[in-house]
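Topology and contacts: notes
What follows is the residue order along each chain.
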Amino acid sequence: MDDEHYWDEFYSGHNAVGFPSPFAEFCESHLLDDTSHILELGPGNGRDAFFFYDHGHQVTAIDQSHAAVEQCQKRASEVRRPNLVRFRCDDFTRVDPTEFRDIDAVYSRFTLHSIDDEAEERVIDFAWQVLRAQGQLLVEARTVNDPLYGKGTRIGEHEFITDHYRRHLDAQQLLRRVLDRGFQLHFFHESDGLAPFQDENPVVVRMAMIRP
Ligand SMILES: C[S@@+](CC[C@H](N)C(=O)[O-])C[C@H]1O[C@@H](n2cnc3c(N)ncnc32)[C@H](O)[C@@H]1O
């Protein structure tokens, strides 16, 4: 099964989480302005997108899973201001940056480890192009120190397939890449304890970079 179908099946079921992630709460209270236009990469069932919307932000979100996007679009059609929370079905690593302007924050939670290294480079470049001056690239993703590292079939450096694809991030390498692209460091932390869920305690990198 390819990843698109994996996430379609996942979001067609009823196992997706309904509450916002700790990262979304962290970003909302520490990093975002009062009303930001957030471009979310890989919103899944929209748990964080709707949380940001509920806090007064505008959200545009892109996910490859038709099932997830359909659910989110239905939910968006029922909110008071549906034009402020929009979902689109697409590969976020291949979107034309000229379609977006003056984005305040590009938000990616648990999605950078879903794409390969070349796609990560494209995403960083995409974020650079769509963000306004002083806009932020906000990322949380599993690293090479995560307990799931090594599970499944190894298909490349730090890349494994269990029931879906994961590429665990080397946090320092990611940091070098975003700094090389020109971003400035605002917040950077790798640890467990940031994204606990049920009996899992992933080791993740949390990063906020500013586009000068
Ligand atoms: C682990 S889930 C995370 C969902 C959500 N951000 C959260 O934290 O609950 C990864 C999501 O990214 C999406 N995704 C992965 N690669 C993608 C790509 N290249 N383009 C669009 N969506 C992608 C998947 O469809 C899935 O919804």
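Our structure's up above, just so we're on the same page.
Since the structure is predicted, the reported quantities are computational estimates derived from the model, not experimental observations. (Residues numbered from 1 in each chain as written. Predicted model: local features only at pLDDT ≥ 70, side-chain atom pairs only at ≥ 80, totals over all residues.)

Concerning helix α3 (residues 47-54)
For α3, the complete set of buried residues consists of Asp 48, Ala 49, Phe 50, Phe 52 and Tyr 53. Packed against the buried residues of α3 are α2 (22-30), β1 (37-41), β2 (58-63), α4 (66-77), β3 (85-89) and β4 (103-109). Looking one or two residues past α3, Gly 56 carries a phi angle of roughly 95°, positive in sign. (Buried ≥ 20, exposed ≤ 12 C-beta atoms within 10 Å, placed from the backbone. Helix = DSSP H or I, 4+ residues; strand = E, 2+ residues; numbered from the N terminus. Contact = placed C-beta atoms within 7 Å.)

So, the pairing of strand β5 (residues 131-142)
Taking burial as the measure, the 12 residues of β5 include 9 buried ones, the bulk of the element. Bridge count for β4 against β5 is 6 bridges, and the pairing is parallel. Looking across to β5, one finds that Tyr 107 is bridged to Leu 138. In the classification by handedness, the crossover that spans β4, the intervening helix α5 (residues 117-130) and the parallel β5 is right-handed. Sheet analysis places β5 next to strand β10 (residues 204-210), joined by 7 bridges and oriented antiparallel. From the neighbouring strand, Leu 138 faces β10, where its bridge partner is Ala 208. (Pairing = 2+ DSSP bridges. Right-handed = clockwise from strand over helix to strand, strands pointing away.)

Considerations on the nonpolar core
Among the nonpolar cores identified, the biggest contains 51 residues, and Ala 49, Val 106, Ala 127, Leu 137 and Leu 138 are the most heavily contacted of them. Look past the residues within four positions of Leu 137 in its chain and what remains in contact with it is Val 106, Ala 127, Leu 131, Val 178, Phe 183, Met 209 and Arg 211. (Core = buried A, V, L, I, M, F, W, Y, C linked by C-beta atoms within 7 Å.)

Thoughts on α5
A rise of 1.5 Å per residue sets the reference length of α5, with its 14 residues, at 20 Å; its end C-alpha atoms lie 20 Å apart and thus fit the reference within 8%. Every buried residue of α5 is listed here: Glu 120, Val 123, Ile 124, Phe 126, Ala 127 and Val 130. An end-on view of α5 places all buried positions within 160° of arc, on one side of the element. In α5, those exposed residues whose orientation departs by more than 90 degrees from the buried face are Glu 118 and Asp 125. Buried residues belonging to α5 abut β1, β4, β5 and α6 (171-181). (Expected span 1.5 Å × (residues − 1). Arc of directions from axis to C-beta.)

Some points on the environment of Asp 104
Considering the arrangement of structural elements, one finds Asp 104 in strand β4. Given 19 C-beta atoms within 10 Å, Asp 104 falls into the partly exposed group. Spatially, the C-alpha atoms of Asp 104 and Leu 39 are 8.0 Å apart, while their sequence positions differ by 65 residues. In contact with Asp 104, other than residues within four places in its own chain, are Asp 33, Ser 36, His 37, Ile 38, Arg 132 and Gly 135.

So, the sheet that holds strand β7 (residues 159-161)
Two strands in a sheet stick together by hydrogen bonds in their backbones, pointing the same way (parallel) or opposite ways (antiparallel). Strand order in the open sheet formed by 3 strands is β6-β7-β8, with antiparallel pairing between adjacent strands. One side of each edge strand has no neighbouring strand; the edge strands of this open sheet are β6 (153-156) and β8 (165-167). This sheet shows a mean twist of 30° between the axes of neighbouring strands, independent of strand direction. Note: β7 against β8, 3 bridges, orientation antiparallel. Opposite Phe 160, over in β8, you have Arg 166 as the bridge partner. (Axes fitted to C-alpha atoms, helices over the stretch in contact; angles between N-to-C directions.)

Some words on the sheet that holds β1
Pairing is mixed across the open sheet formed by 7 strands, whose spatial order is β3-β2-β1-β4-β5-β10-β9. Since the sheet does not close on itself, it has two edges, and those belong to β3 and β9 (184-191), each with one partner. Here the strands of the sheet are splayed against their neighbours by 10° on average, with no regard to which way each runs. Across 5 bridges, β1 lies against β2 in parallel orientation.

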